[in-house]
Structures are given as C-alpha cells and as structure tokens.
Amino acid sequence: MFLLALKMLLGDRAKYWMLVGGLAFSSLLMTQQYSVFQGLLAWTTSHMRNMRASIWIVESRVDQVNETKAMRDTDVNRVRSVEGVDFAVPLFQGVLKARTADGADKMIQMIGLHSGTLYGRPPHMIEGDISQLRLPNSVVIDTLAAEVTRLGSGVGRPLKVGDVFEINDREARVVGICKTERHFFGYPYVFSSYDQALQYAPRQRKMLSMILAEPKPGLDTAVVAQRIMAETGLRAFTVPQLEASTLRWVWTNTGIPISFLTTIVLGFVVGVAVCGQTFYSFVLENLRNLGALKAMGASNSLLAGMLLFQAMIVGLIGFGIGIGLTALFGLTIAQSGQPPFKANAVFVFQSMAAVLVICALAALFGIRRVAKLEPAIVFRG
Amino acid sequence: MTTPFRPVNSVSLPATPVVCNPPGDLAVGARGIVKAFGVGDARTLALKGADFEASQGELHLIVGPSGCGKTTLLSVLAGTLLSDQGEVNLFGTRLTGLSASEVTRFRCRNIGFIFQQFNLIPTLSLVENVSVPLLLNGTLRREAEAKATERLRQVGLAGRERQLPTQLSGGQQQRVAIARALVHEPRLVICDEPTSALDSLTGHQIMELLSTAAKAPGRCVLIVTHDPRIYGYADRISVMEDGRVTHVHAGVLLSSFIHSENRS
Ligand SMILES: Nc1ncnc2c1ncn2[C@@H]1O[C@H](COP(=O)(O)OP(=O)(O)OP(=O)(O)O)[C@@H](O)[C@H]1O
Ligand SMILES: [Mg+2]
C-alpha cells in the first residue's frame, strides 16, 4: 500500500514538484543561512586559531578577542611572576594603514609577536622563514595580504618574499607568506616582531594589547588562568573561555544572530506554509479516493501512515535537493572564501529533522481530515 | 434473541414463498434501522425503521424513488455508516456489536464495493487499482498483482493492466471496478447505481458480470438502482419508500412487478 501511496502522490506532478520545490527552498534557506552564520561566527574567533596561545590575558574590561584596551608593559612581568606560568609574552594587535606600490592605502591587521619566542605565530608558512621577523623592517604577510587587490596593488602580481611596501611611512619587507584563517573584519594579517609593530603603529602612552601565556607542563590551563586573574587583576581566558566569551559578545552586541535566525525561522515557516497548504489540497483532491480506500477497509492508522509516508518521502527528496544546492553554494564560494561558510554535520541532521517535522505537520492536517472522513461519502454523487 | 425476520411486504410474500431461485442461508439481515442526518430544523430522517434481508447466492436489487433512503440503507448494511437504531447482521456476524476497527476489518475481508462513479484511483494503473483490496488484506504485492491480472482478464481487459483508468471508457472503468470488487473473493458485493453512468448495452454487460458473480457459492450481490432496464437480472427486489422497505418481490410476483415497472 505504501508503494501505491507514493505513486498516488507522484501521479500529481504539479503538487509533487510544488512540495519538493517548497521543501528544497526551505532546506536551502535554512542550511545555507546557518552555514554562512556559522562561518561568520567562526571569523569572529579566527585570531585564536591564527595565533594559538594557551592563555589570553587582556585588560580587565575586555570581553572578546577582537577588542583591545592597552595595558602597561610591566603587566607582562606581573603575569610572568604568577605561579604556574611557564612563560608570558607581549602581543600587539591593531588595525593599521599600509601603503602599496601604487600609493593606495589598505587596512591591515597588524600582529606584533614577541621576538624571542615568536609565540603566537601563524600555523602555516607557505614561503620564507618566520624567524627572519627578528630582522628590522621585516614582516610576514598572509595570502590575502599578498593579493593584487590588497598589498599587491600596483605590482601587478601577488606580493612575494623580498617585495616591500610601507606601513606608516616605514618600509615593510616581506620575509614570508603564511596561510591564515580569515578574520571577521576582513583585513589581511601582517605579522612583525612586537618591537617592530610598535614602530609601525602610531605612538601612544600604552601599546600592549594582549599577553599570551603558556602554563607550566602538566598544569591545568584553566587553573593557571584563574590564578593570573586573581593575582594581577587582569582578565585571563583559556581558549574555550575566550571563544565562548567572544561568541556571547557577538550575540548580545550585534544584530547578526537575530537577523540570521530570523531568516532560518522564516525558511521553516515558509516550508510549513507551502508544504502544509499543498499537501492539504492534495488530500482534499484525493478525498474521494481516500474515502473509497476507507470503505474498502483501509483503517485510519493505515491511511495516516500512508499520508505520513508520502510527506516524509517528499521531505527527504526536497531536503536532498536543498542540501545539495547548499553544498553547491559552499563549493562555489570556497574559492573566494566569501561569504563565510561553515558546514556542520550536526546542523545538517537538525535541519533534516526540521524538514521532516514540517512534513509531519503538513501530513497531520491531512490525517485529521481523513480521520473524520465518513467512508459512506463515496456513495454520494 | 434470534427472532426470525418477519416479511415486511404489503404485496406480501406467500406464507411459503414461491421462488425460482430458492434462497439459501441468510446473507444480510437488518431490522429496525433508523438513521437521521443533521440536527434541529435541518434534521432529516433518512431511514425510519427499515427491515431488510438478502440470501446467499442471490442478486438482490433495492429500488425506489429518489431520496427514499436507498443509498443510506446500503451504507448501513455495508458498515460504512453507523445507524442510530437497529441491528445489522452479515453472514452471522452482528455488525452492530463490533467496534469501529473490527467493522473496518470485517469490510476489508468480506465486502467488495462498486460505486456509481467507479472511484478508481486515477494515478494508479489498472492492475494496481484492482490489487488494492488484496493489499489491504495483507497479500504480498507480487501475488496480489497476479490475481488482479487474472481478474482483469475475466472482465475482458487482458493486456491492459498497465494502462491508467483515464485511458478507458466508462464501461471499461466499471469493469475494472468489478474486478477490484471481486478480487479478494468477498462474500458480499455492494453496488450503488453501477449502471446509471453507462449506456444501455454497456449496462447489460456489466449486469452479466455481476449476475455471474452472484452465482459464486455463499455470495450475495446487493445493488441499489433506479434503472428498470436491469430489473430482469434480479433474484429478488426490495422496494423502498420514504425510509422503509415496503415490498419484497420474488418469484412470479417479481416477473409481474418487472413487467409493470417496464411498462410505466
Ligand atoms: N450526509 C447526509 N446529510 C444530510 N442528509 C442526507 C445525507 N445523506 C442523505 N441524506 C438525506 O437522506 C435522505 C435519503 O438519502 P439517500 O441518498 O439515501 O436516498 P436515495 O434513495 O439513495 O436517493 P437517490 O436515488 O437520489 O440516490 C435524503 O432526503 C437525503 O437528502
Ligand atoms: Mg442514492
């Protein structure tokens, strides 16, 4: 009977495609928007994956990794003196203006690393040698910075090791190119030594943005971070803590999550509306047939099962198409990396469940109608 | 408990009824069926204590003027409509004593349906349509389709199993409906106006098929009609008027009834 149920629905081409189309659209909307949202959220914490420190110490009022309030240089030593800290190094983080060969100004994300340890250095060097950052006026740029549309402007090709540009009228010589995860602000990364970064940045009274620290081997990072906070009055985060705090900040201080969630909920609602409407009219149009089946001895539960089965199958097909389109979207933009896109297996299952819930709701209206159907109607003209 | 059914005829059956086709065991018995539709001012009493009986091996017509309650009675007898009062007994099973799901199961096993508008499922092939009652009874698809194919052959539609109902004429569709009604060998076949959507010749072909079906042992075919052209196929005719069965014609009385009806 279930096979026949499917054929009944497939026989109605218009409704079938309407259902599949509506569900595909709804799944596409939900999964695509969610993936972009996840990608965007990932961008807000990319500093942490590009610098990979164990403990992040910031000024006491700072809530998230993209925000800086300058600290005193002496704070580094205060952190170093906390028991359980293996080492602690200063970090400069700031958005500066760079000037390209053709005189254009480009914003960059400047990161100044402690020259002794280079702690916080990018994970993947593509070209060059990071240790050359210790030479004067040298920088390591990421692949985004090297692009013709960024610092390569005026050179006519992506920047290579040995090329130069200017930051605040000071020469910056490229000694290496690295790969980074893109940052929320969209500016390319330029790494230099901490001291060099202070030369590039406009002079201010306090210049220390963050302190990166490593606990002694075998010690619990969270415990050490807690101790740093207690003893210095600064704020210290472990990676998960800073990630959570940053995301919390995005949720409470920006409209981004709400606007994405609205679209996702809208996708769900549109799915329910289109699918419920179409499926219900399918049931209404087939009321005589369903009545005949009922007269011939199909029980309410069998008919309910058939309707549910029909709805679930179109749900799976629609979801398949929707997720396929989302994947296609993801692959297409994977090259440019924009808009951000982060697929998530859990969400794929969640949205599949959402689509199946949509279908179950749609079927439910039909099932209610059929349950109330008098089989005797088939004798009426 | 089992008080015998009293004849309800006014032309009255003779004490020992003279019947050409001696009635076998009781197939359908109904007593005092009352059914009302609607409430308040809109309330219509469709059945006002109707009594009815039909025997096994019989093709039994229910006739009467429009609106007298024929379809309603048939629905109650088939267990697709619950009566307000009265008892229905089908082949020894008291339908009124069964739960809703038991009635559904009983219908599934024992009753075949033929509707005026055929009611074939338009998106399913003929063989799929015909196999529905078997599938509902839990027969496996392959076996159901084999039996359905054989039934289609018996009603003269061999080789057209994979066609859709819309590709057939009305008479052919009604044959498919007959094949569907008989495929699971039901004991009771219920037909509401099976010929009224068909021309005279096709109507006769359909009736031939149905009267052959009625000869199967233990079977009873009930037909509601107001098409006098097919009265000749009946073993018995119950006449309804205003919510009751008023006359039952059988044997010689049947012939004279048919004669007078066809003249008028
Ligand atoms: N579902 C219903 N709701 C309200 N009234 C109904 C319903 N079904 C039947 N009736 C009424 O009950 C009465 C008997 O109807 P029924 O259909 O049984 O008559 P019938 O003898 O089959 O008529 P016809 O020959 O026109 O088919 C009619 O007055 C009809 O209007
Ligand atoms: Mg009728």
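Note that the coordinates shown come from a computational prediction; the quantities given were computed from them, not determined experimentally.

**Student:** Honestly, the site of ligand 1 in this entry has me stumped. Any pointers?
**Tutor:** Around ligand 1, a shell composed of 13 residues is seen, among which Arg 380 of chain A together with Ser 66, Lys 70, Thr 71 and Thr 72 of chain B lie nearest. Residues close to ligand 1 are split across chains A and B. Thr 71 of chain B is positioned with one of its side-chain polar atoms (N or O) 2.7 Å from an oxygen atom of ligand 1. One of the side-chain N or O atoms of Thr 72 of chain B is found 2.5 Å from an oxygen atom in ligand 1.

**Student:** What is the right way to read the nonpolar core from this model?
**Tutor:** One broad trend across soluble globular proteins is that nonpolar side chains are buried collectively. By size, the foremost hydrophobic cluster in this structure holds 123 residues, and its most contacted members are Leu 293 of chain A together with Val 28, Phe 52, Leu 222 and Ile 237 of chain B. It is helix H12 (residues 345-372) of chain A that provides the largest number of residues to this core, a total of nine residues. Not counting residues up to four positions away in its chain, the partners in contact with Val 28 of chain B are Phe 52, Glu 53, Ala 54, Leu 77, Asn 89, Leu 90, Leu 188, Cys 220 and Leu 222 of chain B. If you look at the next biggest cluster of nonpolar residues, it comprises 39 residues, including Leu 159, Val 174, Tyr 194 and Tyr 200 of chain A.

**Student:** Sorry, what's going on with a nonpolar patch on the surface here?
**Tutor:** Residues and elements named next belong to chain A. Judged by side-chain polarity, Trp 17, Ile 317, Ile 321, Leu 325 and Leu 328 come together as a nonpolar surface patch covering roughly 460 Å² of accessible area. If one sorts the elements of the nonpolar patch by residue count, helix H11 (residues 300-334) sits on top with four residues. Along the chain, the position of Leu 328 falls in helix H11.

**Student:** I would appreciate a short explanation of the interface of chain B and chain A in the present structure.
**Tutor:** Interfaces are often described in size by the accessible area the parts lose on coming together. On the side of chain A, 24 residues touch chain B, which itself brings 28 residues to the contact. Of the roughly 2,300 Å² buried where chain B meets chain A, counting both sides, 67% is carbon and sulfur surface. For the pair chain B and chain A, the number of links is one salt bridge. In this structure, Glu 128 of chain B and Lys 7 of chain A form a salt bridge, with 2.2 Å as the shortest nitrogen-oxygen distance. Linking chain B with chain A are four residue pairs in polar contact (both at pLDDT 80 or more), by the criterion used here. When residues of the side of chain B that touches chain A are traced back to their parent elements, those giving at least two are helix H1 (70-78), helix H2 (100-110), helix H3 (126-136) and strand S7 (188-192) of chain B. Element by element, the count of residues in the side of chain B that touches chain A is highest for H3 of chain B, at five residues. Of the residues contributing to the side of chain B that touches chain A, the split by class is 15 nonpolar, eight polar and five charged.

**Student:** Would you mind going over the environment of Thr 45 of chain A with me for this structure?
**Tutor:** Residue and element names in this part refer to chain A. Positionally, Thr 45 belongs in the loop between helix H2 (13-44) and helix H3 (46-51). Counting along the chain gives 20 residues from Thr 45 to Val 65, while the straight-line C-alpha distance between them is 6.9 Å. Dropping the residues within four chain positions of it, Thr 45 is found in contact with Val 65, Glu 243, Thr 246 and Leu 247.

**Student:** What am I meant to see in the domain arrangement of chain A here?
**Tutor:** All names here are of chain A. One can read the domain layout of chain A as domain 1 (2-43 + 255-379) and domain 2 (72-233). Domain 1 puts seven residues into the contact, and the matching count from domain 2 is four residues. Carbon and sulfur atoms supply 53% of the area buried between domain 1 and domain 2, which totals about 480 Å² over both sides. Counting across the domain 1 and domain 2 interface gives one residue pair in polar contact (both at pLDDT 80 or more). The residue makeup of the side of domain 1 that touches domain 2, split by class, is four nonpolar, three polar and no charged.

**Student:** Just checking my understanding: could you explain the sheet that holds strand S10 (residues 244-250) of chain B for this structure?
**Tutor:** Residues and elements named next belong to chain B. Spatially, six strands are ordered S6-S7-S8-S3-S9-S10 in an open sheet, and the strand pairing comes out mixed. Every other strand in the sheet has two partners, leaving strand S6 (111-114) and S10 as the edge strands with one partner each. The sheet shows a mean angle of 20° between the axes of neighbouring strands, direction not considered. Bridge analysis of strand S3 (residues 58-63) against strand S8 (residues 220-224) gives five bridges, and the strand direction is parallel. Within S8, the residue paired with Leu 59 across the bridge is Val 221.

Cut-off values and rules
- Sequence order sets the numbering: in each chain, residues are counted from 1 along the sequence as written.
- For naming, the first written chain is A and the first written ligand is 1, with later ones following in the order written.
- pLDDT decides what is reported in this predicted model: residues at 70 or higher carry local features, side-chain atom pairs at 80 or more are listed and counted, and totals for whole chains, interfaces and linings draw on all residues regardless.
- The side-chain quantities take in all heavy atoms of the structure and omit both hydrogens and water.
- Summary of the distance rule: residues count as near a molecule or strand when at least one heavy atom falls within 4 Å of that molecule or strand.
- Each polar contact in these results corresponds to two N or O atoms within 3.5 Å; when the atoms are within protein, one needs to be able to donate a hydrogen and the other to accept it, and residues that are neighboring in sequence are counted only if both atoms are side-chain atoms.
- Nonpolar cores are built from buried Ala, Val, Leu, Ile, Met, Phe, Trp, Tyr and Cys residues. Side-chain atoms within 4.5 Å join them into one set.
- Residue burial is assigned from relative accessible area. The probe radius is 1.4 Å, only protein chains are included, and a residue is buried under 20% of its type maximum, exposed over 50%, and partly exposed in between.
- Put simply, DSSP marks the helices as runs of H or I at least four residues long and the strands as runs of E at least two long, and each gets a number from the N terminus on.
- Working rule for contacts: check all heavy atoms of both residues, and any pair within 4.5 Å makes them a contact.
- A residue counts toward a patch only above 30% relative accessible area and without a salt bridge, and it is joined to like-charged neighbours within 9 Å or, for Val, Leu, Ile, Met, Phe, Trp and Tyr, to nonpolar neighbours within 5 Å.
- The protein chains shown are the only cover counted for residues, whose accessible areas, like all others here, come from Shrake-Rupley with a 1.4 Å probe.
- By salt bridge we mean one thing: a side-chain nitrogen of Lys or Arg within 4 Å of a carboxyl oxygen of Asp or Glu.
- Accessible-area loss on putting two parts together, using a 1.4 Å probe and summing over both, is the definition of buried area adopted here.
- Charged means Asp, Glu, Lys or Arg here, nonpolar means Ala, Val, Leu, Ile, Met, Phe, Trp, Tyr, Cys or Pro, and polar covers whatever is left, Gly included.
- Segmentation into domains, and thus their bounds, comes from an automatic or database assignment.
- When DSSP finds two or more bridges between a pair of strands, those strands are recorded as paired.
- The axes are straight lines fitted to the C-alpha atoms, using for helices just the contacting stretch, and the angles between their N-to-C directions are given from 0 to 180°.

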